[in-house]
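Examining the three-dimensional arrangement
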Amino acid sequence: MIVTILALSAGRGPFRSTIMATAVFCGQLLVGWTNDFLDADRDLASGRVDKPVAIGRVPRAEVRNAAVVAFILVVPLSFLAGLWAGVAHLIAVFMATAYNFGLKRTPYSVVPYVVAFGLVPAFITLGPPITHVPPFWATAAAALLGAGAHFTQTLPDIARERIAGVRGLPQLLGQKVSAVVGPVILAAAAVCIALGPSHPRPVLFVGLAVAVVLFIGIVGLAAMNRLELAFRLTLVSGGIVVVTLLAAGVSL
């Protein structure tokens, strides 16, 4: 939905925006199914009863085959959005898949998020009829949003994943530090969105102000070791940053 709104607001038109949304959807399916297939044994050992593949409710072979179909579809759909736009999207999908294949268990776990999210503006602007390099502020904001999403997404499971042998950057930093790092990065993304466009809208500064206030509250909660509430506020902060990015989409 986010890519669709950004594409429409940036002038890609209904047809190309639909193609782009379908390409992103197939890419997300590929990444999700690859993750479920590769992590089935680890999820089972960790007692993840919410994972159908891990508990055998869905055969692994079916998930593997579905991932192959998603890969076959995502390539032509990406290039239908434009040559260089397609290249940008496929690099993003490759990085997200590389995360599943092992990068998430290394100190470089944040890199796929930074690259994949950072390429979203390029996917939006490098295809016809507008075709131009995205502004630096948009790429920086998207990359920071991706990094913040990584710390936010992993926060609830850091302790369990450390026991399971996952040594990504959030796991190495620990739950308390990661609870602060995530909102710091999201606040930085809000700064890029508010100050980057040449003619910023007032709503962008409102988003920045809310993100800063939430950041202060999250840091205080983390200091008091109230990490669950800090996690929930970080999700709200991430949502605010996404909304402000959508509001800034016409500046792409």
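Here is a short report on the structure shown in this document. (Residues numbered from 1 in each chain as written. Predicted model: local features only at pLDDT ≥ 70, side-chain atom pairs only at ≥ 80, totals over all residues. Heavy atoms only, no water.)

Here we come to helix 6 (residues 110–118). Because each turn of an α-helix spans 3.6 residues, side chains separated by three or four positions in sequence point in the same direction. Looking at helix 6, one finds that the buried residues are Val110, Pro112, Tyr113, Ala116 and Gly118. Elements that come into contact with the buried residues of helix 6 comprise helix 5 (83–100), helix 7 (120–125), helix 8 (136–154) and helix 10 (169–173). (Buried < 20%, exposed > 50% of the residue type's maximum accessible area, 1.4 Å probe, protein only. Helix = DSSP H or I, 4+ residues; strand = E, 2+ residues; numbered from the N terminus. Contact = heavy atoms within 4.5 Å.)

On the surface, Val68, Phe71 and Ile72 cluster together into a nonpolar patch covering about 300 Å² of accessible area. Position of Ile72 relative to the elements: it lies in helix 4 (residues 60–80). A relative accessible area of 53% means that Ile72 is categorised as exposed. (Patch = residues over 30% accessible without salt bridge, like charges linked within 9 Å, V, L, I, M, F, W, Y side chains within 5 Å. Areas by Shrake-Rupley, 256 points an atom, 1.4 Å probe, with all protein chains shown as cover. Salt bridge = Lys/Arg side-chain N within 4 Å of Asp/Glu carboxyl O.)

With that out of the way, let us pick up the packing of aromatic side chains. Within the structure shown, the criterion is met by two aromatic pairs. Taken together, a centroid distance of 5.2 Å and an interplanar angle of 90° make the contact between Tyr99 and Tyr113 edge-to-face. Here Tyr99 is found in helix 5, whereas its partner Tyr113 is found in helix 6, with 14 residues between them in sequence. One exposure class covers both Tyr99 and Tyr113, and it is buried. Ring plane angle 20° and centroid distance 6.2 Å describe the contact between Tyr113 and Phe117, whose orientation is recorded as stacked. Of this pair, Tyr113 and Phe117 both sit in helix 6, four residues apart, which is roughly one turn of that helix. (Phe/Tyr/Trp six-rings, centres within 6.5 Å; stacked < 30°, edge-to-face > 60°.)

This part takes up the side chain of Ser237. Counting through the fold element by element, Ser237 comes out in helix 13 (residues 227–247). Contacts of Ser237, omitting those with residues within four sequence positions, involve Leu186, Ala211 and Leu214.

The next point concerns the nonpolar core. The biggest cluster of nonpolar side chains holds 32 residues, and the ones touching the most others in it are Met20, Phe123, Ile124, Ile193, Val241 and Leu252. At the level of secondary structure, the elements contributing two or more residues to this core comprise helix 1 (2–9), helix 2 (13–38), helix 4, helix 7, helix 8, helix 11 (175–195), helix 12 (202–223) and helix 13. If one sorts the elements of this core by residue count, helix 11 sits on top with five residues. In contact with Leu252, not counting residues within four places along its chain, are Leu6, Ala10, Ile124, Thr125, His132, Pro135, Trp137 and Ala138. Counting residues in hydrophobic clusters, the runner-up holds six residues, among them Leu155, Ile158, Leu227 and Phe231. (Core = buried A, V, L, I, M, F, W, Y, C linked by side-chain atoms within 4.5 Å.)

The next subject is the side chain of Asn100. Locating Asn100 in the fold gives a position in helix 5. Residue classification places Asn100 among the buried residues on the basis of a relative accessible area of 4%. Excluding anything up to four places from it in sequence, Asn100 contacts Val31, Thr34, Asn35, Leu38 and Arg105.

Take the layout of surface pockets next. Taken as a whole, the largest pocket spans an internal volume of roughly 1,300 Å³. In this structure, the largest pocket is lined by 49 residues; those nearest its centre are Gln28, Val31, Tyr113, Phe117 and Gln153. The class makeup of the residues in the lining of the largest pocket is 28 nonpolar, 11 polar and 10 charged. (1 Å grid on protein atoms, 1.4 Å probe; cavity = no way out; pocket = protein on both sides within 12 Å on 5 of 7 lines; lining within 4 Å. Points joined across faces, edges and corners; volume = space filled by probe spheres on them. Nonpolar A, V, L, I, M, F, W, Y, C, P; charged D, E, K, R; others polar.)

This part is about unusual backbone geometry. Pro129 follows Pro128 through a cis peptide bond whose omega is 5°. When you line up the elements, Pro129 lands in the loop between helix 7 and helix 8.

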